[in-house]
Amino acid sequence: MTDPRVLILHNRYRVHGGEERAVELQTQALGRAGVPCRALERDSAAAGRVRAGGSLLRGGRRPDEVRAAVRELGANVVHVHNVHPLFGHRALEAARGEGAGTVLHLHNFRLFCSIAIAFRDGEQCFRCHGRRTLPGLRLNCRGSVPESAAYAAALSLHQPSLLDAVDRFVTPSRHVAGVLARLGVPADRLRAIANYVPDARVAESSRAGGGRYALYAGRLTEEKGVRVAVDASARSGVPLRVAGEGPLLEELRARAKASGAPVELMGRVPPDGMPDLYAGATMALVPSLWEEVMPYAALEAMAAGVPVVASRSGALAEVAGEERCVAPGDGDALAGAMASLWGDAG
């Protein structure tokens, strides 16, 4: 068998998050294993909306750049993370044309959903599936009719070519693999490979018994269930630190003040500040409402020896265990779990 040489492709998001973390960790893991690799990234923020939309409708741009990168590295595997809007199926076909095998890593539902998370109006939404993408236009999920139209057209138009250009699909959890197969990803080419945390981030022991607060770390958006966390803090009396930024910040500030919740909104905390936050936490909350794929917020808390209280949503039960999960959106149940854990140092 020929030794692998891996070219990683990733279209960075306008708001960087867990997927960028996955790309970084994959690159590091390949380096430690002695596998020759390099990453070719494009950035939606730098492209601008018009250019990004045009690329999406064409099925990607500059496939020759991918072809040249495969040749330069001598890559026999091209591992793609986010493919839209700047790579598209043309990048995968270019890699195939140079003799490389192709892997598409699905961290969300971007192949079918214009906003990737399949969540709207406070609940999970799988109206779009297979090549049926018109609901995303009808509901204007992108918040811009031209953008919603571009996504609805491009996702449907290019989906057959994209699926045909992939040798193997990968997703981080068995649960999400099942969801993706129902949406239209070929199950015989789909594998679950979990996200991971580096050994250096795994604590030798837990200090959670002496923790001073519960911790929420993540984007302040509706699908993450952060409102539920704030309400549960008010009901349980457990102090809560919220590390993150997003559109709900001011609403959460007002919500905490009105309810008297013992909540501290910390804003964005850089990665090198998170170990200290975990060191002082007695639990981490992951109260997501959407079909979580496998969030680093849960993995990194567990690696730090901090128990996770999560919603039974997506892969979270697979990660944290059923006994640590409550029904999504159930503030009373979350508050009860928090109070129970807070009162049990062992």
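One can find the structure itself at the top, above this paragraph.
So, a few notes on the structure that sits alongside this text. Counting starts from 1 at the beginning of each chain's written sequence and moves along it residue by residue. In keeping with the model being predicted, local features are shown solely for residues with a pLDDT of at least 70 and side-chain atom pairs are shown and tallied solely at 80 or more, while totals for entire chains, interfaces and linings include all residues. Values reported for side chains reflect all heavy atoms of the structure, with hydrogen atoms and water molecules removed beforehand.

**Some remarks on the overall build of the chain**
Okay, step 1: In terms of regular secondary structure, the chain is built from 14 helices and 14 strands.
Okay, step 2: Only the C-alpha atoms count toward the radius of gyration. The rule for a globule is 2.2 Å times the residue count to the power 0.38. Compactness check: the chain gives a C-alpha radius of gyration of 21 Å against a globular reference of 20 Å for 346 residues, within 12% of the reference.
Okay, step 3: By the burial criterion, 52% of the 346 residues in the chain qualify as buried.
Okay, step 4: When contacts within the chain are restricted to residue pairs at least 6 apart in sequence, those whose partners lie at least 24 apart make up 72%.
Okay, step 5: Of the roughly 15,100 Å² of accessible surface on the chain, a fraction of 51% belongs to carbon and sulfur atoms.
Okay, step 6: Across the chain, 42 positive and 37 negative side-chain charges occur, with their mean positions spaced 5 Å apart. Each helix is a run of H or I in the DSSP string that is no shorter than four residues. Each strand is a run of E no shorter than two, and both are numbered from the N terminus. Between buried and exposed lies partly exposed: a residue is buried under 20% and exposed over 50% of the maximum accessible area for its type, with that area taken using a 1.4 Å probe on protein chains only. Contacts are residue-level and defined by heavy atoms, with any inter-residue pair within 4.5 Å sufficient. Here the open area of atoms and residues is found with the Shrake-Rupley method and a 1.4 Å probe, where only the protein chains shown may cover a residue. A positive count includes Lys and Arg, and a negative count includes Asp and Glu. His and the chain ends are not counted in either. All charge positions are set by atom: Lys at NZ, Arg at CZ, Asp at CG, Glu at CD.

**Digging into unusual backbone geometry**
Okay, step 1: The omega torsion of the bond from His84 to Pro85 falls at 0°, within 30 degrees of zero and hence cis.
Okay, step 2: Looking at where Pro85 falls in the secondary structure, it is placed in the loop between β3 (77-80) and α5 (88-97).
Okay, step 3: Phi is positive for Asp121, close to 55°, though the residue is something other than glycine.
Okay, step 4: Mapped onto the elements, Asp121 comes out in the loop between β5 (119-120) and β6 (123-124).

**Side note on the nonpolar core**
Okay, step 1: Here, the term nonpolar core denotes a set of buried Ala, Val, Leu, Ile, Met, Phe, Trp, Tyr and Cys residues that are joined through side-chain atoms within 4.5 Å. Membership of the largest hydrophobic core comes to 40 residues, with the highest contact counts inside it found for Leu7, Leu9 and Phe109.
Okay, step 2: Going through the elements one at a time, β1 (6-12), α4 (63-73), β3, α5, α7 (145-164) and α8 (174-183) are the ones with two or more residues in this core.
Okay, step 3: It is α8 that contributes the most residues to this core, 5 residues altogether.
Okay, step 4: With residues near it in sequence (within four places) discarded, Leu9 still touches Leu40, Val66, Val78, His79, Val80, His81, Phe87 and Ala91.
Okay, step 5: Core analysis: the next-biggest nonpolar cluster, separate from the first, contains 28 residues, Ala284, Met294, Leu299 and Cys325 among them.

**Brief notes about the layout of surface pockets**
Over the atoms, a rolled probe matching the size of one water molecule traces out where space is still vacant.
Okay, step 1: For each structure, a 1 Å grid was placed over the protein atoms alone; sets of points admitting a 1.4 Å probe that cannot get out are labelled cavities, open sets with protein on both sides within 12 Å along at least five of seven lines are labelled pockets, and lining residues have an atom within 4 Å of a point. Grid points are joined across faces, edges and corners, and a volume is the space filled by probe spheres set on the points. In this structure, the second largest pocket encloses a volume near 320 Å³.
Okay, step 2: Lining the second largest pocket are 17 residues, with Gln26, His79, His105, Val170 and Ile193 sitting closest to its centre.
Okay, step 3: Mapped by element, the contributors of at least two residues to the lining of the second largest pocket are α1 (18-32), β3 and β4 (101-105).
Okay, step 4: The biggest single contributor to the lining of the second largest pocket is α1, with 5 residues.

**Focus: empty space enclosed by the protein**
Okay, step 1: Counting across every chain of the model gives 6 cavities of 30 Å³ or more.
Okay, step 2: Each pocket or cavity is described by its volume, and for the largest cavity that value is around 120 Å³.
Okay, step 3: Along the wall of the largest cavity there are 16 residues; nearest its centre are Cys113, Ala118, Cys125, Cys128 and Cys141.
Okay, step 4: Residues are sorted three ways: Asp, Glu, Lys and Arg are charged, Ala, Val, Leu, Ile, Met, Phe, Trp, Tyr, Cys and Pro are nonpolar, and all the rest, Gly among them, are polar. A per-class count over the lining of the largest cavity returns 12 nonpolar, 2 polar and 2 charged.
Okay, step 5: The calculated volume of the second largest cavity comes to roughly 60 Å³.
Okay, step 6: Tyr13, Glu19, His81, Asn82, Val83, Leu104, His105, Leu106, His107, Asn108, Arg110 and Leu111 are the residues that line the second largest cavity.
Okay, step 7: Among the residues making up the lining of the second largest cavity, the classes are represented as 5 nonpolar, 5 polar and 2 charged.

**Considerations on the packing of aromatic side chains**
Okay, step 1: Geometry of aromatic contacts follows a simple scheme: Phe, Tyr and Trp rings, the Trp one being its six-membered ring, pair when their centres are within 6.5 Å, and the pair is stacked under 30 degrees between planes, edge-to-face over 60, tilted otherwise. Scanning the model with the defined rule gives 2 aromatic pairs in all.
Okay, step 2: Measuring from ring centre to ring centre gives 5.5 Å for Phe109 and Phe126, while their planes differ by 90°; the resulting arrangement is edge-to-face. Note that Phe109 is positioned in the loop between β4 and β5 and Phe126 in the loop between β6 and α6 (134-138), a separation of 17 residues in sequence.
Okay, step 3: The class of Phe109 is buried, set by a relative accessible area of 1%.
Okay, step 4: You can call Phe126 partly exposed: its relative accessible area is 30%.
Okay, step 5: Measuring from ring centre to ring centre gives 6.2 Å for Phe109 and Trp290, while their planes differ by 90°; the resulting arrangement is edge-to-face. Note that Phe109 is positioned in the loop between β4 and β5 and Trp290 in the loop between β12 (281-286) and α12 (296-303), a separation of 181 residues in sequence.
Okay, step 6: Here the aromatic residues Phe109, Phe126 and Trp290 are joined through ring pairs into a cluster of three or more.

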